[in-house]
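# Examination of the molecular architecture
What follows is the residue order along each chain.
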Amino acid sequence: MILFGAKGGKRMRLINADEVINILEDCGKYRGVLAPTGDGEWENFIPVSVAKKIIDDERHGEAKMSNIIETIYKDEEAVLVFDIDGVLAKYEYGDHNHNICSDEEWDSNAEYYSKLMYEQAQPVKLFQHLINDIRVGKNVYACSVASVNESKAKKSFVLRYYSIPEENIVLVKSKMDKLKALDSIKRLYPNLSDKKLVLIDDTVKTLTHVQDNSNYSTCHISSFL
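Residues numbered from 1 in each chain as written. Predicted model: local features only at pLDDT ≥ 70, side-chain atom pairs only at ≥ 80, totals over all residues. Heavy atoms only, no water.

This next bit is on the environment of aspartate 202. Structurally, the position occupied by aspartate 202 is in the loop between strand 7 (197–201) and helix 9 (204–213). Of the residues examined, aspartate 202 reaches a relative accessible area of 27% and is grouped as partly exposed. The sequence separation of aspartate 202 and aspartate 85 amounts to 117 residues, and the corresponding C-alpha distance is 8.4 Å. Excluding anything up to four places from it in sequence, aspartate 202 contacts Asp83, Asp85, Gly86, Val87, His220 and Ile221. (Helix = DSSP H or I, 4+ residues; strand = E, 2+ residues; numbered from the N terminus. Buried < 20%, exposed > 50% of the residue type's maximum accessible area, 1.4 Å probe, protein only. Contact = heavy atoms within 4.5 Å.)

Written out as C-alpha cells, the structure is:
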C-alpha cells in the first residue's frame, strides 16, 4: 500500500517498510538490514523512491547470482550440506572473542564448555530463512567435526534453530572426513547429479579437498555476503 505523507518536511509517496521486506523475503534476499527512519505516524514508512531502488538493486543482484547460489536457492532437487561452526552457528562463542576458552581449557573440560557454548550460540537468520522457510528442511544436512564430548550439545543447537532432521546431522572426526560423509549422503540419492550435492563451509582447506577429490559442488560462506 502506497500513501502520501510527510517526511523531513516534504510531501512524498511512502510505503510501509514491512511490505518492502516481504518482497525481498519472497526472493530470498532480505537479510535483516532494512531500518526505516522517521517518527510519529510515519515511523515505519520509507519513500517509494528509496524502496524501489532497494528492490531493484536486490532483484538485479539476484539476476546476477552465481551458479552455485542459484542452485542453492532455486533447485529443489539439490542436496545442501551445511557446516555448523561459523556457518549455521555464528562463530562468536566468547564475550569478546570468537572462542569461548583457550585450547588448554577446552581439552581439560570439553563437555562443560561445549554445553555452555552451544546453549548461548546464535543461529544465522539468512540460513534459518533458507532452511526453515524456503527448503522446509527438505534435502538439507548438517555436517561438522565433533568429539564425543561435544556431539550432544552441537546436535541440540541444530535441532533448536533449524528444521533439519536429527538423522541428517552428520558428525565426523576430522574436516577431511567430510568428503566421506558427502559420499554417504550421495548414496542416498543415486539419481542425483554430483553437482547438485553442495557443501557450504567456511574452511577453504575443506572445500578444496572436496573440490579436488570429487565432482560435488562447494560453496564458501562468503558467497552469501
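As a general point, the strands of a sheet are linked pairwise by backbone hydrogen bonds and lie either parallel or antiparallel. The five strands are arranged 6-5-4-7-8 in an open sheet whose pairing can be described as parallel. The outermost strands of the open sheet, each flanked by one partner alone, are strand 6 (169–172) and strand 8 (217–220). Here the average twist between neighbouring strands, direction ignored, is 25 degrees. Inspection of the sheet shows strand 4 (residues 79–82) paired to strand 5 (residues 140–145) by three bridges, in the parallel sense. If you follow valine 81 over to strand 5, its bridge partner there is tyrosine 141. The sheet strands contacting helix 7 (residues 148–161) are strand 5 and strand 6, and the helix crosses strand 6 at an angle near 150 degrees. (Pairing = 2+ DSSP bridges. Axes fitted to C-alpha atoms, helices over the stretch in contact; angles between N-to-C directions.)

A separate point is unusual backbone geometry. Residue valine 136 is not a glycine yet carries a positive backbone phi of 50 degrees. Locating valine 136 in the fold gives a position in the loop between helix 6 (125–134) and strand 5. Judged by relative accessible area, valine 136 falls into the exposed class, the value being 58%. For asparagine 139, which is not a glycine, the phi torsion comes out positive at approximately 55 degrees.

It is worth spelling out the side chain of lysine 186 at this point. Mapped onto the fold, lysine 186 is located in helix 8 (residues 178–187). If we ignore the near neighbours within four places in the chain, the residues touching lysine 186 are Leu192, Ser193, Asp194, Leu197 and Tyr216.

Summed over the entire model, instances satisfying the criterion amount to six aromatic pairs. With a centroid separation of 5.3 Å and 55 degrees between ring planes, the pair formed by phenylalanine 157 and tyrosine 161 is classed as tilted. Linking phenylalanine 157 with tyrosine 161, this pair stays in helix 7, spanning four residues, or about one helical turn. Residue classification places tyrosine 161 among the partly exposed residues on the basis of a relative accessible area of 22%. Taking 6.3 Å as the distance between ring centres and 65 degrees as the angle between the ring planes, the aromatic pair formed by phenylalanine 157 and tyrosine 162 counts as edge-to-face. (Phe/Tyr/Trp six-rings, centres within 6.5 Å; stacked < 30°, edge-to-face > 60°.)

What follows deals with the pattern of salt bridges. Throughout the structure, instances matching the rule amount to eight salt bridges. A salt bridge links lysine 154 to glutamate 150, with the nearest nitrogen and oxygen atoms 4.0 Å apart. In this pair, lysine 154 and glutamate 150 are both assigned in helix 7, four residues apart and thus about one turn of the helix distant. Summarising the burial analysis for this pair, lysine 154 and glutamate 150 share the class buried. The partner of aspartate 194 in a salt bridge is lysine 186, and the shortest N-O contact between them spans 3.9 Å. Judged by its relative accessible area of 27%, aspartate 194 is partly exposed. A network of salt bridges, in which partner residues are shared, links Asp75, Glu77 and Lys196. (Salt bridge = Lys/Arg side-chain N within 4 Å of Asp/Glu carboxyl O.)

Residues in a regular strand project their side chains so that they alternate between the two faces of the sheet. Of the two faces of strand 4, the one carrying Val79 and Val81 and the one carrying Leu80 and Phe82 are both buried. Judged from the four bridges that link them, strand 4 and strand 7 form a sheet pairing that is parallel. The partner of leucine 80 across the bridge, within strand 7, is valine 198.

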